[in-house]
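Structural description and commentary
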Amino acid sequence: MLLYQAWLNWRLQRALSGLIPVSVTDQVGDGGIALGAMLVLASGAALAALSGWAVAAFLAGWTIQALYLLWNDRAVRIAEPTALSGRRRSVHAFAGYTAVTALVLCLPMLGVLG
C-alpha cells in the first residue's frame, strides 16, 4: 500500500509540476518513503524464504527508516496536531520494526536462517 501511495504521489506531482513547483525537500522525502517501503517488502520476503539476506535487508530497512525519521523530525516540530499524530504512529511502527530487526539478528545464531 505504501509503495502504491508513493507511486501515486509521484504521478500527481509530475502532472501538477507545471502549475505548482515541487520542492526538493518533498522529492527527497517521497524518495525516502518509497525506498523504505521497498526495503521493508524485501526484508519480509527474505525472512519468509528464510534467506540469509534477511539480516542485510532488515538492517538496510532499519537504517533508511531511522534516517528518514531523523531527517523529517525538524518539519514535524512546527506542524499541526494531525501531523504530530501521524509522527507518533510512524515512531511506534519504527519501534516495532526495531524489535523484529533485533529478532532477525538473532536467527542466524540459532541456525534458522541459511
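Here's what I pulled together on the structure shown here. Treat the numbers as computed from the prediction; the structure is a model and nothing was measured.

**Describing the overall build of the protein chain**
Looking only at helices and strands, the protein chain has four helices and zero strands in total. In sequence order, the protein chain lays out its α and β elements as α-α-α-α. The 114 residues of the protein chain split such that 23% are buried. A separation threshold of at least 6 residues defines the contact pool for the protein chain, and within that pool the share at least 24 residues apart is 68%.

**Some thoughts on the environment of Phe58**
Mapped onto the elements of the fold, Phe58 is located in helix 3 (residues 53-76). Of the residues examined, Phe58 reaches a relative accessible area of 4% and is grouped as buried. Each C-alpha atom of the pair Phe58 and Gly44 lies 8.2 Å from the other, and the pair is 14 residues apart in sequence. Once residues lying within four places of it in the same chain are set aside, the contact partners of Phe58 are Ser43, Gly44, Leu47, Tyr97, Val100, Thr101 and Val104.

**Looking at the side chain of Thr101**
Along the chain, the position of Thr101 falls in helix 4 (residues 81-110). Apart from residues no more than four positions distant in its own chain, Thr101 is found in contact with Phe58, Leu59 and Trp62.

**Notes on the environment of Asp73**
Among the secondary structure elements, Asp73 is positioned in helix 3. Spatially, the C-alpha atom of Asp73 lies 8.6 Å from that of Arg87, the residues being 14 residues apart in sequence.

**A short note on helix 2 (residues 24-48)**
End to end, helix 2 covers 36 Å across 25 residues, agreeing with the expected 36 Å (1.5 Å per residue, within 8%). By the burial criterion, the buried members of helix 2 are Gly29, Gly36, Ala37, Leu39, Ser43 and Ala46. Directly after helix 2, the chain includes Leu50, whose backbone phi takes a positive value near 55°.

**Structural notes on the nonpolar core**
Counting residues in each nonpolar core, the largest one holds eight residues, listed as Ala46, Ala54, Val55, Phe58, Tyr97, Val104, Leu107 and Leu113. Taken together, the elements giving at least two residues each to this core come down to helix 3 and helix 4.

**Here we look at unusual backbone geometry**
Trans peptide bonds make up the majority, and among non-glycine residues the majority have a negative phi. Even without glycine at this site, Leu50 takes up a positive phi of about 55°. Among the structural elements, Leu50 can be located in the loop between helix 2 and helix 3. You can call Leu50 partly exposed: its relative accessible area is 44%.

**Focus on a nonpolar patch on the surface**
A cluster of nonpolar residues, Leu12, Leu16, Leu19 and Ile20, forms a patch on the protein surface that exposes about 400 Å² of accessible area. Within the fold, Leu12 resides in helix 1 (residues 2-16).

**Focus on the environment of Leu105**
Along the chain, the position of Leu105 falls in helix 4. Given a relative accessible area of 36%, Leu105 falls into the partly exposed group. A C-alpha to C-alpha distance of 9.2 Å links Leu105 and Ala56, two positions 49 residues apart in sequence. The contact partners of Leu105, leaving out residues within four places of it in the chain, are Val55 and Leu59.

Cut-offs used in this document
Residues numbered from 1 in each chain as written. Predicted model: local features only at pLDDT ≥ 70, side-chain atom pairs only at ≥ 80, totals over all residues. Heavy atoms only, no water. Helix = DSSP H or I, 4+ residues; strand = E, 2+ residues; numbered from the N terminus. Buried < 20%, exposed > 50% of the residue type's maximum accessible area, 1.4 Å probe, protein only. Contact = heavy atoms within 4.5 Å. Expected span 1.5 Å × (residues − 1). Core = buried A, V, L, I, M, F, W, Y, C linked by side-chain atoms within 4.5 Å. Patch = residues over 30% accessible without salt bridge, like charges linked within 9 Å, V, L, I, M, F, W, Y side chains within 5 Å. Areas by Shrake-Rupley, 256 points an atom, 1.4 Å probe, with all protein chains shown as cover. Salt bridge = Lys/Arg side-chain N within 4 Å of Asp/Glu carboxyl O.

Distances and angles like these do not, on their own, reveal function.
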